[in-house]
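Listed here are the chains, written in short residue letters.
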Amino acid sequence: MKLSSRWLPVAASALAVAAAVVVPSASPGVAGEKHDDFVIVGHRGASGYRPEHTLASYELAARMGADYIEPDLVTTKDHVLVTRHEPEISGTTDVANHPEFKDRKKTKMLDGVATTGWFTEDFTLAELKTLRAVERIPAVRQHNTVFNGRYQIPTFQEVIDLSKRLSKELGRPIGIYPETKHPTYFRAEGLPLEPLLVKALNQNGLNRPGAKVFVQSFEVANLKALHKELRVPLVQLTSASGAPYDFVVSGDKRTYADIVSAAGLREVATYADGVGPSKDQVIPLDATGKLGTPTALVSDAHKAGLVVHPYTFRVENTFLPAEFDSSAVPSDSGNLFGEIAAYRRAGIDGLFTDNTDIAVAEEKEAR
């Protein structure tokens, strides 16, 4: 496939050794080799084993062999980027147990949906640092709850610093794969994410070809704007339903289905270097819940010069296609090896996973 110049320096980035003070560039065939050029992204860290978006989760993913760790970016009231999956944090922190923040609970419209809880933009960084992370899905990952209350909410800079430290310690580059969360929402709040992201990458020497960085978003306009400012690969995220919220706000009738059409992917290639689809956009499930026939998404993306990194690969039965379930118990571990192998046969270039260790082991077996 034909890849843009911004992608080429990082396409073989897993075959590299760490440099000194920045997340390093790719150098194939040297000591510290961990993977081939198949990209394994620690989704919110190693969130199958630790509460998501904590330094402990990111570090564990790196130690398990992830090529990249994925911080989702939101902002504080004093405009500092922190890592949470959503601006609303009642499900991922102990904020409800802090009486001093009782009056911060609000109902807001988050991308057109009335959402009640506590929002990062109503807290200063110092206030957020008094909270502690908790497991988001305790019914499925009860074992993760042993770590409830042990970890703070990290800043984006702390994640960058962690990637630098681990790159040196592990002898291979640990990349970062940040996502701008709800950019239209934060822009309306007067707290745009993109200037802070660009500033952080610039200040850390990461806004350059060869830096081990991807930047991703479910929206389109902000990626098009970032395309003019960043020299690292951009990835257009898509979903199996709905549309980018900036399209909804602007009255653009196109949906994510339109974006992953052959014509849509050709347009994506004018501003991005990859696409991050929901995995069922690559291989949909049939009526029995098993994997069906692969779509043309991978082939069309490759023809457009885009890499394909679908999400999210998780070991629990509740997240797996039916043929890979180990039992009728949703929280039991199933055959994630089998699911990943099926998607690799479909031609994907990488994946997001909560279980880095399994993805790394599957990759070794596939060589």
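Refer to the structure printed above.
Glancing now at the overall build of the protein chain. What the protein chain contains, in helices and strands, is 13 helices and 13 strands. A compact globule built from 367 residues would reach a C-alpha radius of gyration of about 21 Å, and the protein chain, at 19 Å, matches this within 12%. Projecting the C-alpha coordinates of the protein chain onto the three principal axes gives extents of approximately 55 × 50 × 50 Å. Scored against the burial criterion, the 367 residues of the protein chain give a buried share of 56%.

Before going further, it helps to examine empty space enclosed by the protein. Under the defined criterion, the tally for this structure stands at one cavity of 30 Å³ or more. What lines the largest cavity is S47, E52, E135, R136, I137, R141 and D354. Residue composition of the lining of the largest cavity, grouped by class: one nonpolar, one polar and five charged.

This next bit is on the pairing of strand β10 (residues 234–237). Residues L234 and Q236 point to one face of β10 and V235 and L237 to the other, with burial holding for every one of them. Tracing the backbone out of strand β9 (residues 215–217), into helix α6 (residues 221–227) and back to the parallel element β10 gives a crossover that is right-handed. Pairing between β10 and strand β11 (residues 274–276): three bridges, direction parallel. Bridge pairing in β11 links Q236 to V275.

Turning our attention to the pattern of salt bridges. Oppositely charged side chains can pair when the atoms bearing their charge come close. By the definition in use, this model includes 22 salt bridges. A salt bridge links E52 to R44, with the shortest nitrogen-to-oxygen separation between them at 3.0 Å. Each of the two residues, E52 as well as R44, counts as buried. Linking R63 and E169 is a salt bridge whose minimum nitrogen-to-oxygen distance equals 2.7 Å. Of this pair, R63 sits in helix α1 (residues 55–64) while E169 is found in helix α3 (residues 156–170), placing the two residues 106 residues apart along the sequence. Ionic contacts of the salt-bridge type, sharing partners, join the residues K106, K108, E121, D122 and E189 into one network.

This part is about the sheet that holds strand β13 (residues 350–353). Pairing in this open sheet of four strands is parallel, and the strands run β7-β2-β1-β13 from one edge to the other. Each end of this open sheet is capped by a strand with a single partner; those strands are β7 (175–176) and β13. Where strand β1 (residues 39–42) and β13 come together, four bridges link them in parallel fashion. By the bridge assignment, G42 is partnered in β13 with T353.

Another aspect to go through is the side chain of R314. Within the secondary structure, R314 sits in the loop between β12 (307–308) and α12 (336–345). Ignoring sequence-local partners within four residues, the contact set of R314 consists of H43, R44, R136, R141, F319, L320, L336, D354 and N355.

In this section: the sheet that holds β11. The pairing of strands in a sheet comes from backbone hydrogen bonds and takes either a parallel or an antiparallel form. Across the sheet, which stays open at both edges, the seven strands sit in the order β4-β3-β8-β9-β10-β11-β12 with mixed pairing between neighbours. Looking at strand neighbours, the two that pair on one side only are β4 (81–83) and β12, the edges of this open sheet. Of the pairings in the sheet, the one linking strand β3 (residues 72–75) to strand β8 (residues 179–180) comprises two bridges and is parallel in character. Along β8, the bridge assignment pairs L73 with T180.

Rules behind the numbers
- Residues numbered from 1 in each chain as written.
- Predicted model: local features only at pLDDT ≥ 70, side-chain atom pairs only at ≥ 80, totals over all residues.
- Heavy atoms only, no water.
- Helix = DSSP H or I, 4+ residues; strand = E, 2+ residues; numbered from the N terminus.
- Rg over C-alpha atoms; globule rule 2.2 N^0.38 Å.
- Buried < 20%, exposed > 50% of the residue type's maximum accessible area, 1.4 Å probe, protein only.
- 1 Å grid on protein atoms, 1.4 Å probe; cavity = no way out; pocket = protein on both sides within 12 Å on 5 of 7 lines; lining within 4 Å.
- Points joined across faces, edges and corners; volume = space filled by probe spheres on them.
- Nonpolar A, V, L, I, M, F, W, Y, C, P; charged D, E, K, R; others polar.
- Right-handed = clockwise from strand over helix to strand, strands pointing away.
- Pairing = 2+ DSSP bridges.
- Salt bridge = Lys/Arg side-chain N within 4 Å of Asp/Glu carboxyl O.
- Contact = heavy atoms within 4.5 Å.

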